[in-house]
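As a plain string of letters, each chain reads:
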Amino acid sequence: MSGQPLLEVRGLDKRFAGRSGRDTALWVIKDLSFSVPDGEFLTIIGPSGSGKTTLLNMIAQIDVANGGEVRFQSKSAPINDPKSLNPGLNCQIGYVTQEDNLLPWRTTLQNVLFPLEVQGRLDAEGRARADMLMRTVGLAGFEGHYPHELSGGMRKRASLIRTLVYDPPVILMDEPFGALDAQTRAQLQEDLLRLWNLGRKTIVFVTHDITEAIALGDRTLVLSRAPAKIVGDHPITIPRPRDIRGIMTHPDFAALYQRIREQVQ
Amino acid sequence: MTSLGESRKSGAAELGVGRVVAWLKAHSHQILVFVILIAGWQALTLWRGVYWFSSPWGVLTRFINGILGGELLSHASYTASEAVIGFVIGAIPATILPFLLRRWPMATAILDPVMVGGYGAPKLALAPLFILWFGIGIESKVALVAITVFFIVYFSALSGVRALEPKLVQMAQVAGANERDVARYIVFPGAVPYIFTGFRIAMPYSIGGAVIAELLSANRGLGYLIQFSATNFDTTGIFTALFMTTLIVALGNWSVNIVERRLLRWRPPPDVRMQTGT
Ligand SMILES: Nc1ncnc2c1ncn2[C@@H]1O[C@H](COP(=O)(O)OP(=O)(O)OP(=O)(O)O)[C@@H](O)[C@H]1O
Ligand SMILES: [Mg+2]
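Residues numbered from 1 in each chain as written. Chains lettered and ligands numbered in written order. Predicted model: local features only at pLDDT ≥ 70, side-chain atom pairs only at ≥ 80, totals over all residues. Heavy atoms only, no water.

Engineer: Looking at this structure, how should I read the overall build of chain A?
Structural biologist: The helix and strand inventory of chain A stands at 7 helices and 10 strands. The principal-axis extents of the C-alpha atoms in chain A amount to approximately 50 × 50 × 40 Å. Classification of the 265 residues of chain A by burial places 55% in the buried group. For chain A, the proportion of contacts with a sequence separation of at least 24, taken over those separated by at least 6, is 67%. Accessible surface computed for chain A: about 11,500 Å², of which carbon and sulfur atoms make up 50%. Considering chain A, the positive charge centre built from 31 side chains and the negative charge centre built from 30 side chains are found 3 Å apart. (Helix = DSSP H or I, 4+ residues; strand = E, 2+ residues; numbered from the N terminus. Buried < 20%, exposed > 50% of the residue type's maximum accessible area, 1.4 Å probe, protein only. Contact = heavy atoms within 4.5 Å. Areas by Shrake-Rupley, 256 points an atom, 1.4 Å probe, with all protein chains shown as cover. Lys, Arg positive; Asp, Glu negative; His and termini not counted. Charge placed at Lys NZ, Arg CZ, Asp CG, Glu CD.)

Right under this line is the structure:
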């Protein structure tokens, strides 16, 4: 975790035009800067409507910025002009969106294999990996089901492994475990940490949940209400491997939780 | 062996009877409506006479004789081929065009008034023109069917292309899909239900168009049969041809449904959609 950051956000500005041409443009993000070293698991926490999804959309290059820049591997990504956007930066930035965005006309397995298919990497190894991931997140036996035949939580899991399957160096995750029950959630958090431990990808993980932010992250950023600014930057000192379910009993937890909670409004 | 075969046969027969009973139960309301219609027709016949309204029995006998004699079938298959050929010629470009135009919103906008005009214009009024251009053979009927089908399917396919969910496209692009992948894996499958709605609406028009073009001038087909019967004051002949036309429409509808159900297995079944209000 030294040297050049892999991902850098510098002075990012974003606003959405006001309704019906009126000039009451709303700044969602103003002068936001942070950087993510290679291999870091960064968690970002902020209140609803603070611009977390908007931020990830810009990093993934599916939305334009009104100022500032996003740098990846020390190169500036062109995100100020809609025409030059390069979504996913040639498959190097994966994005697990807040909504599952599964293709309704594809079965669960076909959805999971979709990235490999369009990247021309659908081989035996890729299929085996998809198979392993399906089993890991408890979707074995649902390969042939269409999205409308899955529960909300299952769809969420399918969309998560659809990104993991092609193993991009950076993965953005927008509240991937938001809609799950506590049990499944803890299970998936453990699975995610285990998978992350194998490859040590760079992860930017957005959540509402302070406990989750602490349990998963190497570092937690706290965003303010719109226009979003960073109001807290907390290294998570709890050593790995972590006991997700018992994280609250760790001696450092209470103090961290308290400090973050004071900043989240 | 034989006993096994027999028991299987009787089992199949039972299954068949069971099925028929189940079908009758499930469709009892439709059957009731059908019976009321026939009874009403019979009443009209008794009241006003066979000369004006023919009779259900007369039409049925004529129909069966026409089928057995092959004459009715040959007229029907002539009309059906006009409809099918015209449908294919009209539906294929109408399905493809919106996908080609997707990349050029300007072209779609420029074409729009033409398309709206073409959609709204009474195509049947073109029939005399087509007969002038293409003669009284099959070509003029096919042309009329094709142009009718084209506009209906074009607007259905267009609304399918427009209903595209941008978030799905963004997801696909992030995952590495290029423009062609997006068209093939996202835009097209998403538009298929709309295209089929177009097919379903256009199907009766294709048969109706063929029949009406034949009414104007032809020497074969169900429209010709209607015209011919009318000049001979043969109401039974007219009703028989109409009945045959309805049968073809029903058959066409059924085929569209079969293909649609195959292709759209990924959709929640319609009753569920109704319950959830989507
Ligand atoms: N396309 C848009 N047009 C106009 N305003 C938008 C648009 N997208 C988001 N916003 C606004 O930007 C703000 C931030 O939205 P965003 O979705 O980024 O919030 P969030 O932090 O992800 O919230 P949540 O935790 O609820 O998902 C909100 O006030 C929202 O109304
Ligand atoms: Mg969000």
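So much for the structure itself; the text now carries on.
Engineer: What exactly am I supposed to notice about the domain arrangement of chain B here?
Structural biologist: The extent of an interface is frequently quoted as the accessible surface area lost upon association of the parts. Entries for chain B in the domain assignment read domain 1 (2-48) and domain 2 (62-265). With centres defined by C-alpha atoms, the gap from domain 1 of chain B to domain 2 of chain B works out at 32 Å. (Domains from an automatic or database assignment.)

Engineer: Hey, could you run me through the site of ligand 1 in this one?
Structural biologist: Residue and element names in this part refer to chain A. Around ligand 1 lies a shell of 13 residues, among which S48, K52, T53, T54 and Q98 are the nearest. A distance of 3.0 Å separates an oxygen atom of ligand 1 from a polar atom in the backbone of G51. Between an oxygen atom of ligand 1 and a side-chain N or O atom of Q98, the distance comes to 2.8 Å. Considering ligand 1 on its own, with 630 Å² of exposed area, one finds that the protein chains cover 61% of that surface. At 3 residues, the largest contribution of residues to the shell around ligand 1 is made by helix 1 (residues 52-59). (Near = heavy atom within 4 Å. Polar contact = N/O pair within 3.5 Å; in protein donor to acceptor, adjacent residues only side chain to side chain.)

Engineer: Is there a simple way to think about the side chain of A:D174 in this case?
Structural biologist: Residues and elements named next belong to chain A. Within the fold, D174 resides in strand 7 (residues 170-174). Among buried charged residues, D174 stands out as having no salt bridge; its nearest opposite-charge side chain is K52, 6.5 Å away. Discounting chain neighbours no more than four positions away, the residues touching D174 are T53, L56, Y95, V96, T97, Q98, K156 and V206. (Salt bridge = Lys/Arg side-chain N within 4 Å of Asp/Glu carboxyl O.)

Engineer: Sorry if this is basic, but what is going on with the pattern of salt bridges here?
Structural biologist: Residues and elements named next belong to chain A. All chains considered together, the criterion is met by 21 salt bridges over all chains. Between R135 and D131 there is a salt bridge; the shortest N-O distance is 3.6 Å. Note that R135 and D131 are positioned in helix 3 (residues 124-136) at a spacing of 4 residues, about one turn of the helix. We note a salt bridge from D233 to R219, for which the minimum N-O separation is 3.0 Å. Placement of D233 in strand 10 (residues 230-235) and of R219 in strand 9 (residues 219-223) is noted, with a sequence separation of 14 residues between them. Overlapping salt bridges bring together E8, R10, E69 and R71 as one network.

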